[in-house]
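# Descriptive structure summary
Given next are the chains, with one letter for each unit.
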Amino acid sequence: MIVILPTIILGFAFKWLFGMVGNGIKPLTDLVVNTMTLPDRFDQPIATAIVLSVIVLGCFFVGLLVRTRMGQWIYHSFENSVLSKAPGYKMVKETVNQFLGKKESPFSSVALVQVFENDMMMTGFITDRHDNGMVTVFVPTGPNPTSGFIYHLKAEFVHPVEVSVEDAMRSVISCGAGSEKLIRALQPKINP
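Just so it is clear, the structure is predicted and the values come from calculations on it, not from any experiment.

Tallied over the full model, the rule gives four salt bridges. For Asp30, the salt bridge goes to Lys26, with nearest N and O atoms at 3.3 Å. Taken as a pair, Asp30 and Lys26 lie in helix H1 (residues 4-35) at a separation of four residues, close to a single helical turn. The residue Arg170 makes a salt bridge to Asp167 at a minimum N-O spacing of 2.6 Å. Taken together, the residues span about one helical turn, with Arg170 and Asp167 both in helix H5 (residues 165-173) at a distance of three residues. A residue is classified by how much of its surface remains accessible, and Arg170, at 53% relative accessible area, is exposed. Connected via shared salt-bridge partners are Asp167, Arg170 and Lys181.

A separate point is the packing of aromatic side chains. Evaluated as defined, the whole model comprises three aromatic pairs. Geometrically, the ring pair formed by Phe14 and Phe18 is stacked, given 6.1 Å between the ring centres and 20° between the ring planes. One end of the pair, Phe14, and the other, Phe18, are both in helix H1, four residues apart, so they sit about a helical turn from each other. Under the relative-accessibility criterion, Phe18 is labelled exposed at 57%. Ring centres 5.5 Å apart and planes at 70° place the aromatic pair Phe60 and Phe61 in the edge-to-face group. On the accessibility criterion, Phe60 (48% relative accessible area) is partly exposed.

The rules behind these values
- Residues numbered from 1 in each chain as written.
- Predicted model: local features only at pLDDT ≥ 70, side-chain atom pairs only at ≥ 80, totals over all residues.
- Heavy atoms only, no water.
- Salt bridge = Lys/Arg side-chain N within 4 Å of Asp/Glu carboxyl O.
- Helix = DSSP H or I, 4+ residues; strand = E, 2+ residues; numbered from the N terminus.
- Buried < 20%, exposed > 50% of the residue type's maximum accessible area, 1.4 Å probe, protein only.
- Phe/Tyr/Trp six-rings, centres within 6.5 Å; stacked < 30°, edge-to-face > 60°.

Listed below in structure tokens is the structure:
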């Protein structure tokens, strides 16, 4: 089950995703089928390939346009005057930027944090850095890391450690058992 189940879930996820895309472009593929002479047996797959190619090429050319100075000006003007007023646009844009790697993922950096500005440290994840030097961290509660607390701290009380997110989450889920990697990663910073 451990080997097969993830593969089956991934297969269903791809099927669902392709079904969503297929349904989204169906009016365009129907238009291509009705206007072009295509082999009867392969008309839908060929029409889908044509529509997807046109969409990808369109995105490519828009990307080329936005890389120019005039294209950037048009994009920023449109974004500031129209898109920024649309509800949820900023959240969707940040999510897409994180997904495409343009912005650091909120859980990409593990830290030990001094929440109460004393010697006590908690395992946390850096979620944002601010221009004024403050750092926002999420400190999960064990054994359920989906709940926790958000703290805004001075950078001096946040100690990033070179530990994988998986190791830190494993420590949180096991209520602190296996935290030696976190402590070991912090030791050189405390005792140089």
